[in-house]
Amino acid sequence: MRLVAATVYALRIPFVESFRHSASDRRWSDSVVVRVRDDAGHEGYGEGTPRPYVTGETVETMVDHIAHELWPRVAACEFPEGAGLADISALVPDTRLAGAIAPHATRAAVEIAIVDCHLRRTARSLGAVLPPRRARVTYSGVITAGPIERAARHARQMRAVGLAHVKVKVGFDDDVARITAVREALGPGVSLRLDANGAWTFERAVDVLDAVAPLGIAAVEQPLPRGPVSELARLRQATTVPVMADESVVTLGDADALIAEKAVDFLNVRLSKCGGITRSLAIAARAFDAGVGVQIGSQVGETAILSAAGRHVIATLREVAFAEGSFGTLLLAEDVSVESIRFGHRGEASVLTGPGLGIRVIEERLRQRAVAVRELTAER
Ligand SMILES: [Mg+2]
């Protein structure tokens, strides 16, 4: 298989309600979709969600990096007809981007698009190469920052629809009151996690965690900023709340260092920041080997494309402690696929079985929602 053309869409889809946490306040999804076309006319879609505070990428640098670095290199490749995921991933090069930890959102978008295209060429589902171990996956709810009353209201709504797992954004002056109110609204039967997005100091983290540990906290995500792994390891020793790394785990090397230092109980593996399907699976495999749990997700604000890829990864892994994403139109004013991807009652959603990622993308909608569209062709 050879790729002959690509289209890059810089999307800006408004959120139903603004999504705020300690590191950002977003009112629309910033995501970049890539469509590739092969020499037989098959198409595939991929998506990356660049976050300056995670990988160091922005929508602008991502579009530019695809156009100038990644596309010319994958367009020059011959993808063997019988290629597996690892073979495809090996042909998507690791590139460097000034100021970025790694241009992983870029890589994820391109890798996923090629995988989707390659599978569609042979009318296979991603589930054929990543066999699902379960028929449905169960997603978490996420409570964004904002007034405590609103957080409690959202918690009550999530409890009412039967969600089993909820995460609340923290990293503010009122954290203890906020977590207490959310726990009260959820009742004791719902698993509750915290996400500080690196907003706490060591001392603040210990204080808040000491205060809320009796409320039953399943994990605290990224309590400290990305930095020395030893600090996170020290915090893990200082609290009874299980520690999860998010912004601290972008590369396989990050995962190895966190595991070696015994700094985490969980790794939050997200397809976009971790560089795509194969890299995410590799990080998850390292975690399993070390007895570290995984949370699998995409990036809040992703469209059905990244959600679908994430669904396959969640469904195929041996054990997933927590699953995130697939908010679809719970968050986006409009999604981009024919099939609704959003989870339903109890946070459940079925595995996808159609060709490629298992969704049909509405290309016209991508054009409508794009603030920039870049057409690329292969130079032969
Ligand atoms: Mg997080």
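These numbers come from a predicted model, not from an experiment.

Cut-off values and rules
- Residues numbered from 1 in each chain as written.
- Predicted model: local features only at pLDDT ≥ 70, side-chain atom pairs only at ≥ 80, totals over all residues.
- Heavy atoms only, no water.
- Core = buried A, V, L, I, M, F, W, Y, C linked by side-chain atoms within 4.5 Å.
- Buried < 20%, exposed > 50% of the residue type's maximum accessible area, 1.4 Å probe, protein only.
- Helix = DSSP H or I, 4+ residues; strand = E, 2+ residues; numbered from the N terminus.
- Domains from an automatic or database assignment.
- Contact = heavy atoms within 4.5 Å.
- Phe/Tyr/Trp six-rings, centres within 6.5 Å; stacked < 30°, edge-to-face > 60°.
- Lys NZ or Arg CZ within 6 Å of the ring centre and 35° of its normal.
- Pairing = 2+ DSSP bridges.
- Donors = N, O, S within 2.8 Å, 3.2 Å for Na, K, Ca; no water.
- Buried area = accessible area lost by both parts, 1.4 Å probe.
- Salt bridge = Lys/Arg side-chain N within 4 Å of Asp/Glu carboxyl O.
- Polar contact = N/O pair within 3.5 Å; in protein donor to acceptor, adjacent residues only side chain to side chain.
- Nonpolar A, V, L, I, M, F, W, Y, C, P; charged D, E, K, R; others polar.

1. Some thoughts on the nonpolar core
Inference 1: Counting 123 residues, the largest nonpolar core has Trp71, Leu194, Leu267 and Ile277 as its most contacted members.
Inference 2: With ten residues, the single largest contributor to this core is helix α3 (residues 104-121).
Inference 3: Two domains each donate at least three residues to this core, and these are domain 1 (3-123 + 359-377) and domain 2 (128-350).
Inference 4: Sequence-distant contacts of Trp71, that is, excluding residues within four places in its chain, are made with Leu3, Val4, Ala5, Ala6, Val36, Ile66, Leu376, Thr377 and Ala378.

2. Some remarks on the environment of Ala164
Inference 1: For Ala164, the position within the fold is in the loop between α5 (148-160) and β6 (165-169).
Inference 2: Its relative accessible area of 34% is what places Ala164 among the partly exposed residues.
Inference 3: Note: C-alpha distance between Ala164 and Asp246 (82 residues apart in sequence) is 21 Å.
Inference 4: Non-local contacts of Ala164, meaning those with residues more than four positions away in its chain, are made with Val190 and Ser191.

3. Comments concerning the packing of aromatic side chains
Inference 1: Under the counting rule described, the total for this entry stands at three aromatic pairs.
Inference 2: The aromatic ring of Phe322 is capped on one face by Arg193, whose charged end is 4.2 Å from the ring centroid.
Inference 3: Directly above the ring of Phe202 sits Arg234, whose terminal nitrogen or CZ lies 3.8 Å from the centroid.

4. As for the pairing of strand β1 (residues 3-21)
Inference 1: Relative to strand β2 (residues 24-38), β1 runs antiparallel, the two being bridged by 14 bridges. For Val8, the partnering residue across the bridge sits in β2 and is Val34.
Inference 2: Hairpin connection between β1 and β2: a loop of two residues separates the two successive antiparallel strands.
Inference 3: Pairing of β1 with strand β14 (residues 370-377), which is carried by seven bridges, proceeds in the antiparallel orientation. Among the inter-strand pairings, Ala10 is bridged to a residue of β14, identified as Ala372.

5. Here's the deal with the coordination of the magnesium ion
Octahedral metals with six donors have ideal donor angles of 90 or 180 degrees. Tetrahedral metals with four donors have an ideal donor angle of 109.5 degrees.
Inference 1: Looking at the magnesium ion, one finds its protein donor set to be Asp195 (OD), Glu221 (OE) and Asp246 (OD), positioned 2.1 to 2.3 Å from the metal centre.
Inference 2: Spacing between the donor residues of the magnesium ion along the chain follows D-x25-E-x24-D. Pair noted here: Glu221 is in strand β8 (residues 219-221) and Asp246 is in the loop between β9 (243-245) and α9 (252-260), with a separation of 25 residues, a long-range link.
Inference 3: The class for Asp246 is buried, based on a relative accessible area of 2%.

6. Some thoughts on the environment of Leu163
Inference 1: Mapped onto the elements of the fold, Leu163 is located in the loop between α5 and β6.
Inference 2: Taking the C-alpha atoms as reference points, Leu163 and Gly216, 53 residues apart in sequence, are found 16 Å from one another.

7. Considering the domain arrangement of the chain
Inference 1: The assigned domain composition of the chain is domain 1 (3-123 + 359-377) and domain 2 (128-350).
Inference 2: Taking only C-alpha atoms into account, the centre of domain 1 sits 23 Å from that of domain 2.
Inference 3: Taken residue by residue, the interface counts 45 residues in domain 1 and 50 residues in domain 2.
Inference 4: Summed over both partners, the interface of domain 1 with domain 2 buries about 4000 Å², with 62% contributed by carbon and sulfur atoms.
Inference 5: Counting across the interface, domain 1 meets domain 2 through five salt bridges.
Inference 6: For Glu17, the salt bridge goes to Arg150, with nearest N and O atoms at 3.2 Å.
Inference 7: Linking domain 1 with domain 2 are 24 residue pairs in polar contact (both at pLDDT 80 or more).
Inference 8: When grouped by side-chain class, the residues that make up the side of domain 1 that touches domain 2 number 24 nonpolar, eleven polar and ten charged.

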